[in-house]
Amino acid sequence: MSPHPQFAAPPLYDVIGLGFGPANVAIAGAIVEKWGPSENTPEHASLQQVLFIEKQPEFRWHPGMLLPNSRMQISFLKDLATLRSPQSPITFLAYLHSQGRLINFINRGSFTPTRKEYSDYLSWAADFVQKRGVQVRYGEEVVGVARHDDGTVEVRSRNVDTGEEFSRKSKNIILSPGGTPKFPPALSVLAPHPRIIHSAYYLSAVDKFFASISQSSKPLRIAVIGAGQSSTEVLLDLYTRLNSRTVPSDCKHELEMIFRKGSLKPSDDTPFSNEIFDPESTDMMFGLPSQRDRHAVLREYNPTNYSVVNMRTIDSLYEVMYHQKLLDDIKTRTGRAEDSDRTRITLRPYTSIYAAETASADHVEPSIAESVRLTLHGIHTRAVSQSSYDAVFCGTGYDRDSWMRLIASSNLADYLGVKSTNIELVADSEPLDQGPLLLFADVEDAGVISPVSSRSTDGFSTPPTPATPHSQHSKLNLETQVSKVRISRSYRLLASQASKSHTEAADEPRIYLQGCTQSTHGLSESLLSILGVRAGLVVDELCKT
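What counts as what
One numbering rule holds for all chains: residues counted from 1, following each sequence as written. Per-residue local features are limited, in this predicted model, to residues with pLDDT of at least 70; the limit for side-chain atom pairs, both in listing and counting, is 80 or more; totals at the level of whole chains, interfaces and linings are taken over all residues. Side-chain metrics in this entry use all non-hydrogen atoms of the structure; hydrogen atoms and water are not considered. For two strands to be treated as a pair, DSSP must find no fewer than two bridges joining them. Secondary structure follows DSSP: runs of H or I at least 4 residues long count as helices, runs of E at least 2 residues long count as strands, and numbering of each begins at the N terminus. The convention used is that axes are lines fitted to C-alpha atoms, helices contributing only their stretch in contact, and that angles between N-to-C directions extend from 0 to 180 degrees. Computed over the protein atoms alone on a 1 Å grid, cavities are sets of points where a 1.4 Å probe fits but cannot get out and pockets are open sets with protein on both sides within 12 Å along at least five of seven lines; a residue lines them when it has an atom within 4 Å of a point. Grid points are joined across faces, edges and corners, and a volume is the space filled by probe spheres set on the points. Amino acids are sorted into nonpolar (Ala, Val, Leu, Ile, Met, Phe, Trp, Tyr, Cys and Pro), charged (Asp, Glu, Lys and Arg) and polar (every other residue, Gly among them). Burial classes: relative accessible area under 20% of the type maximum marks a residue as buried, over 50% as exposed, and values in between as partly exposed (1.4 Å probe, protein chains only). The contact criterion used throughout is that any non-hydrogen atoms of two residues lie within 4.5 Å. Pairing of aromatic rings covers Phe, Tyr and the six-membered ring of Trp, with a centre-to-centre limit of 6.5 Å; geometry is then stacked below 30 degrees between planes, edge-to-face above 60, and tilted otherwise. Each residue carries a pLDDT score, the predictor's confidence in it, ranging from 0 to 100. Should an angle fall under 35 degrees it is called roughly parallel, over 145 degrees roughly antiparallel, and 65 to 115 degrees roughly perpendicular, with every other angle called oblique. If you view the pair so one helix is near and one far, a crossing is left-handed when the near helix is turned anticlockwise from the far one by less than a right angle, and right-handed when it is turned clockwise. Here, expected helix span is obtained from the residue count minus one, scaled by 1.5 Å. Think of a nonpolar core as a cluster: buried Ala, Val, Leu, Ile, Met, Phe, Trp, Tyr and Cys residues, connected wherever their side-chain atoms sit within 4.5 Å. Arc definition: directions from the helix axis to the C-beta atoms.

Asker: It is not clear to me how the sheet that holds strand β16 (residues 384-389) should be interpreted in this structure. Could you clarify?
Answerer: Where strands meet in a sheet, backbone hydrogen bonds hold them as pairs that are either parallel or antiparallel. Pairing is antiparallel in the open sheet, where three strands are placed in the order β14-β15-β16. Strand pairing shows two members of the sheet lacking a second neighbour, β14 (351-359) and β16, which therefore form its edges. Neighbour-to-neighbour, the strand axes of the sheet open up by a mean angle of 25 degrees, direction not taken into account. Bridge analysis of β14 against strand β15 (residues 371-378) gives eight bridges, and the strand direction is antiparallel.

This is the structure:
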């Protein structure tokens, strides 16, 4: 008689993936391909017990920014599998065929799907791999990991609704943490706040915001922070929403876009520049002789994706603002105002946020719980001013450093040589103690040599998902020691030399990192461009005995 289920020994997993976003869906797809076309997992397969743990209750991909008619900025061919295996069952074309829309998509005449359609494709792929035998535990948050002497890694998770905790062991783990919404420092001390909203939550939060305000309220004043793709899309969507709200005569809603640059910059999506996202460019980046060289390349290609806006969106915003000026001139000449002209957009370039505070309901209209008062600083003029807003929307990117805290708080820290949460990845071909290369230093920009962290700004090639790829660790923060961790070309975090000398290679757990390796592997690492190729590299190595 088989034992009662509650006393059955938990399985030893071949792979546990932390997170189930696009990166790990691509991993799951590559594993399913290894299994072959059979509906059942082959007994001879090297990876049979596969589990992914995801905090969200279901598969979601940037639901806050699935704005009407918003488009991807990459070709549909850069999907979860095509660049690795065009015959894969989880390509975008396979999705279109399964949904009966392939010929319609062809007739559409565009290589770029809408963001809504691409989100549905990713959800379809997540369902597909589960039907093929990949296990996914939604609604669980990973709270800890621990290395065991037998070469396995324990993964502890907690049900986000019930608080029930689980412990599972695996021979290999894949960290794919995704991005955490990032606010400007002055606003981060107030967040979370119902009037300070990140673009990651835009669609659900903006509906709640407008629902909390009566239609007869005073004109609204709203700030949008940032100068990237998501900030600009949020600005245009707010403009549409505000123009549909009544406003007293001779009054207008106010929309202010606040950013540090002098103007909105277009993304460089020209063919030669786009080659930086090719798989061969990853080989080039990883093979460079030093971090200094990688930082120089990252800096050069920053305009391809970070804090930039595609030309179609820029043209749309400029058209809106030109029409705004036209209506102003018509009113000046004729004295007649159009009823639909209810919102004024103002751009505030070269402006930074020095401080922020909330104002109590006593100082604002009762229908609005609180307003947000910003102290603004002119970067060049040094002028300081204060402005109050009914809401502040931030398109200021994402942090991708949660994996650092997870590693640093576990005994994997000793195994990997981690001394703090301030981790710098180093290519395994490069010495950990390599000093600065002074040859040609006189022609290099000093900003190039600053360390690169796992952050991403408002780049929407993903979109966005996701902070600048070269965010600096402070050189003056002597209290925080930088821990250098070696990583392989196949995205495996490697044991420190001290740990390796006491550990047999066969006993080493294999820990892979996805989406946080821009400093060693290049700009495409937090984007969708090479998901399929990257997944193939990782799965091929996992299948090796």
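Asker: Can you walk me through empty space enclosed by the protein in this structure?
Answerer: Over the atoms rolls a probe the size of a water molecule, and its path tells where empty space is left. Put simply, the largest cavity is a space of about 40 Å³. Lining the largest cavity are Pro279, Thr282, Arg489, Tyr491, Ile530, Val533, Arg534 and Leu537. Sorting the residues of the lining of the largest cavity by element identifies α9 (279-286) and α16 (531-542) as the ones contributing at least two each. Looking at the lining of the largest cavity element by element, the count peaks at three residues for α16. Grouping the amino acids of the lining of the largest cavity by side-chain chemistry returns five nonpolar, one polar and two charged.

Asker: Sorry if this is basic, but what is going on with the pairing of β15 here?
Answerer: Put simply, side chains in a regular strand alternate between the two faces of the sheet. With six of its eight residues buried, β15 lies for the most part within the structure. Relative to β16, β15 runs antiparallel, the two sharing six bridges. By the bridge assignment, Arg373 is partnered in β16 with Ser388. Taking the residues that link successive antiparallel strands as the turn, the β15-β16 hairpin has five residues, and the phi of Arg382 there is positive, at about 65 degrees.

Asker: Just checking my understanding: could you explain the side chain of Ser267 for this structure?
Answerer: Within the element layout of this structure, Ser267 appears in the loop between β12 (253-258) and α8 (271-274). Among residues more than four places away in sequence, those in contact with Ser267 are Gln73, Pro303, Thr304, Val308, Val309 and Asn310.

Asker: What exactly am I supposed to notice about the packing of aromatic side chains here?
Answerer: Each aromatic ring pair is specified by the distance between its two centres and by the angle formed by the two planes. Following the criterion strictly, the structure yields 18 aromatic pairs and no others. Note on Trp61 and Tyr118: the rings are 6.0 Å apart at their centroids and 55 degrees apart in plane angle, and the pair reads as tilted. Remark: Tyr118 occurs in helix α4 (residues 115-131) and Trp61 occurs in the loop between β3 (50-54) and α2 (92-99); sequence separation between them is 57 residues. The class of Tyr118 is buried, set by a relative accessible area of 1%. For the ring pair Phe92 and Phe105, a centre distance of 5.4 Å and an interplane angle of 65 degrees mean the geometry is edge-to-face. In this pair, Phe92 sits in helix α2 while Phe105 sits in helix α3 (residues 102-108), placing the two residues 13 residues apart along the sequence. Like Phe92, the residue Phe105 is buried in the burial classification.

Asker: Explain the environment of Pro10 to me, please; I cannot follow it from the model alone.
Answerer: Position of Pro10 among the secondary structure elements: in the segment before β1 (12-13). The exposure class assigned to Pro10 is exposed, which follows from its relative accessible area of 65%. For the pair Pro10 and Ser167, spaced 157 residues apart in sequence, the C-alpha to C-alpha distance is 9.1 Å.

Asker: Explanation requested: the confidence of the model for the protein in the structure shown.
Answerer: Averaged over all residues, the pLDDT of the protein equals 86, while 84% of them reach at least 70. Residue range residues 1-5 is modelled with pLDDT below 50. Its contacts to residues more than four positions away, or to other chains, number zero contacts. Every residue in residues 437-479 scores below 50 in pLDDT, and together they form 117 contacts with partners more than four places removed in sequence or on other chains.

Asker: How should the packing of helix α6 (residues 202-211) against helix α7 (residues 229-243) be read in this particular structure?
Answerer: When two helices pack together, their arrangement is given by the angle between the helix axes and the distance between those axes. Orientation of α6 relative to α7, taken along the N-to-C sense of each, is 30 degrees, at an axis distance of 12 Å. When the axes of α6 and α7 are compared, the pair comes out roughly parallel. Taken as a pair, α6 and α7 cross one another with a handedness that is right-handed. Counted together, Tyr202, Leu203, Val206, Asp207 and Phe210 of α6 and Val234, Asp237, Leu238, Arg241 and Leu242 of α7 form the full contact between these two elements. Taken together, the residues of the contact of α6 with α7 break down into seven nonpolar, no polar and three charged.

Asker: I keep staring at helix α1 (residues 22-35) and nothing clicks. Help me out?
Answerer: Note that an α-helix has 3.6 residues per turn; residues three or four places apart therefore point the same way. Taking 1.5 Å of rise per residue, 14 residues should cover 20 Å, and α1 covers 20 Å from first to last C-alpha, within 8% of that figure. Regarding α1, the residues found buried are Pro22, Ala23, Asn24, Val25, Ala26, Ile27, Ala28, Gly29, Ala30, Ile31, Val32 and Trp35. Buried residues in α1 make contact with β2 (15-18), β3, α4, β8 (172-175) and α16. Phi turns positive one or two residues past the end of α1, at Gly36, with a value near 90 degrees.

Asker: Can you help me understand the nonpolar core in this one?
Answerer: Within soluble globular proteins, side chains that are nonpolar tend to cluster in buried spots. Counting residues in each nonpolar core, the largest one holds 46 residues, and the members touching the most others are Phe20, Leu80 and Val134. Counting residues per element, the ones that place at least two in this core are α1, β3, α2, α4 and α16. A total of nine residues in this core trace back to one element, the largest contributor, which is α1. Residues contacting Leu80, with those up to four places away along its chain left out, are Pro22, Val25, Ala26, Ile90, Tyr118, Tyr121, Leu122, Ala125, Leu531 and Gly532.

Asker: Before we go on, may I ask you to explain the packing of α1 against α16 in this structure?
Answerer: Axis separation between α1 and α16 bottoms out at 8 Å; the angle between their running directions is 55 degrees. When the interaxial angle is binned, α1 and α16 end up oblique. The chirality of how α1 crosses α16 is right-handed. For the pair α1 and α16, contact is made by Pro22, Ala23, Ala26, Ile27, Ala30, Ile31 and Lys34 and by Leu531, Arg534, Ala535, Val538, Val539 and Asp540, respectively. When the residues that make up the contact of α1 with α16 are grouped by side-chain class, the tally is 10 nonpolar, no polar and three charged.

Asker: Could you clarify how one ought to interpret the side chain of Asn24 in this entry?
Answerer: One can find Asn24 in helix α1. Among residues more than four places away in sequence, those in contact with Asn24 are Gly17, Leu18, Gly19, Phe52, Ile174, Ser176 and Gln514.

Asker: Just checking my understanding: could you explain α9 for this structure?
Answerer: Of all the positions in α9, only Ser281, Thr282, Met285 and Phe286 are classed as buried. On an axial view of α9, the arc spanned by its buried residues comes to 135 degrees, and they lie on one face. The inward-facing, buried residues of α9 abut α10 (291-300), β19 (423-427), β21 (483-487) and α15 (518-521).

Asker: What is the right way to read the environment of Thr343 from this model?
Answerer: Locating Thr343 in the fold gives a position in strand β13 (residues 343-348). Judged by relative accessible area, Thr343 falls into the buried class, the value being 1%. Spatially, the C-alpha atoms of Thr343 and Cys251 are 8.8 Å apart, while their sequence positions differ by 92 residues. Dropping the residues within four chain positions of it, Thr343 is found in contact with Tyr239, Leu242, Asn243, Lys252, His253, Leu255 and Gln324.

Asker: In this structure, what is going on with the pairing of strand β7 (residues 165-170)? I would like to understand it.
Answerer: The alternating pattern of β7 places Phe166, Arg168 and Ser170 on a buried face and Glu165, Ser167 and Lys169 on a face that is not buried. As judged from the two bridges shared by β1 and β7, these two strands associate in the parallel manner. Opposite Tyr13, over in β7, you have Ser170 as the bridge partner. Pairing of strand β6 (residues 153-159) with β7 involves six bridges; the strand directions are antiparallel. Each residue of the ladder has a partner; that of Glu154, found in β7, is Lys169.

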